[in-house]
Amino acid sequence: MDITVETPQNVEQVELVEEMPGPLAKKRKKNERAWKKTVAKVARHRPKGFPQMPSCKHSAKSKYRCAELSLQDVRKIHQQYYKDADLQSKKNFILQHVIVFLSKKDSSSRRLVFSENFNIGFDAPYTDKCSTCTRLECELATEKDAGKRETLKLNLKAHKVRADKFYKLLQENNDKELILS
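This is a predicted model, so every value here is computed, not measured. (Residues numbered from 1 in each chain as written. Predicted model: local features only at pLDDT ≥ 70, side-chain atom pairs only at ≥ 80, totals over all residues. Heavy atoms only, no water.)

Student: I tried to follow the overall build of the protein chain on my own but got confused; where do I start?
Tutor: Each helix and strand in the protein chain was counted, giving six helices and two strands. With 181 residues in all, the protein chain has 7% of them scored as buried. Counting only contacts in the protein chain whose residues sit at least 6 apart along the sequence, the fraction spanning at least 24 positions is 28%. Of the accessible surface of the protein chain, which amounts to about 17,300 Å², a share of 55% is contributed by carbon and sulfur atoms. (Helix = DSSP H or I, 4+ residues; strand = E, 2+ residues; numbered from the N terminus. Buried < 20%, exposed > 50% of the residue type's maximum accessible area, 1.4 Å probe, protein only. Contact = heavy atoms within 4.5 Å. Areas by Shrake-Rupley, 256 points an atom, 1.4 Å probe, with all protein chains shown as cover.)

What follows is the structure in structure tokens.
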């Protein structure tokens, strides 16, 4: 690259920097997908093998129709479940395809069935989250009606705005006010 420097006596050509061709001139950019931590995280949520037909002991008169499932159906469910590599998409998939009803059994027996038979955990989130936010997000993930979804989105947004205002109020140092939360 030639740069012309003007001086009072004359004009001279000075070569300062050689230009490098193509990719040699660029600084290497970080590739987070190649990091060991990210690769391990993605591998955790990938399928461990091909799907197998479920073996069950339901009778033909049972409300569960396991015998009607074909291997093609099992493969499609498996493919949809493992479409994305993150944990949240898998939880949303389960919530979209589960119908919630009240049972006479206690919650501990249901938790035991899920943990032993399906290896699905229902633990507390890693970060603290308001129970109202969590409830609204779960309802939003499972709701199929567009009108109700919009109402839930507006309720969630309004709730978050109120929470932000409250926390900003808590941050202010005013000696004349006492805030009890």
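Here the narrative resumes, following the displayed structure.
Student: What is the right way to read the packing of helix 5 (residues 131-142) against helix 6 (residues 146-171) from this model?
Tutor: In a packed pair of helices, the relevant descriptors are the angle between the two axes and the axis-to-axis distance. At their nearest, the axes of helix 5 and helix 6 sit 10 Å apart, and the two run at 160 degrees to each other. In terms of orientation, helix 5 lies roughly antiparallel with respect to helix 6. Relative to helix 6, the crossing made by helix 5 is left-handed. The residues of helix 6 that touch helix 5, namely those facing Thr132, Cys133, Leu136, Glu137, Glu139 and Leu140, are Arg149, Leu152, Lys153, Asn155, Leu156, His159 and Lys160. By residue class, the composition of the contact of helix 5 with helix 6 is five nonpolar, three polar and five charged. (Axes fitted to C-alpha atoms, helices over the stretch in contact; angles between N-to-C directions. Parallel < 35°, antiparallel > 145°, perpendicular 65-115°, else oblique. Left-handed = near helix turned anticlockwise from the far one by under 90°. Nonpolar A, V, L, I, M, F, W, Y, C, P; charged D, E, K, R; others polar.)

Student: What is the right way to read the nonpolar core from this model?
Tutor: What tends to happen in soluble globular proteins is that the nonpolar side chains get buried as a cluster. Counting five residues, the largest nonpolar core is built from Cys133, Leu136, Leu140, Leu152 and Leu156. For this core, the elements supplying multiple residues, two or more each, are helix 5 and helix 6. Counting residues per element, this core draws most heavily on helix 5, at three residues. Beyond its immediate sequence surroundings of up to four residues, leucine 140 is in contact with Arg149, Leu152 and Lys153. (Core = buried A, V, L, I, M, F, W, Y, C linked by side-chain atoms within 4.5 Å.)

Student: Sorry, what's going on with the packing of aromatic side chains here?
Tutor: Each aromatic ring pair is specified by the distance between its two centres and by the angle formed by the two planes. Per the stated rule, a full pass over the model turns up three aromatic pairs. With a centroid separation of 4.9 Å and 85 degrees between ring planes, the pair formed by tyrosine 81 and tyrosine 82 is classed as edge-to-face. Taking the relative accessible area as the measure of exposure, tyrosine 82 reaches 23% and is therefore partly exposed. A centroid spacing of 5.6 Å and a plane angle of 65 degrees characterise the contact between phenylalanine 166 and tyrosine 167, whose relative ring orientation is edge-to-face. The rings of Tyr81, Tyr82 and Phe93 are connected pair by pair, giving a single aromatic cluster. (Phe/Tyr/Trp six-rings, centres within 6.5 Å; stacked < 30°, edge-to-face > 60°.)

Student: Honestly, the layout of surface pockets in this entry has me stumped. Any pointers?
Tutor: The rolling of a water-molecule-sized probe over the atoms marks out the regions of remaining empty space. Approximately 160 Å³ is the volume attributed to the second largest pocket. Along the walls of the second largest pocket sit Pro54, Cys56, His58, Ser59, Ala60, Ser62, Tyr64, Arg65, Cys66, Ala67 and Glu68, which together make up its complete lining. (1 Å grid on protein atoms, 1.4 Å probe; cavity = no way out; pocket = protein on both sides within 12 Å on 5 of 7 lines; lining within 4 Å. Points joined across faces, edges and corners; volume = space filled by probe spheres on them.)

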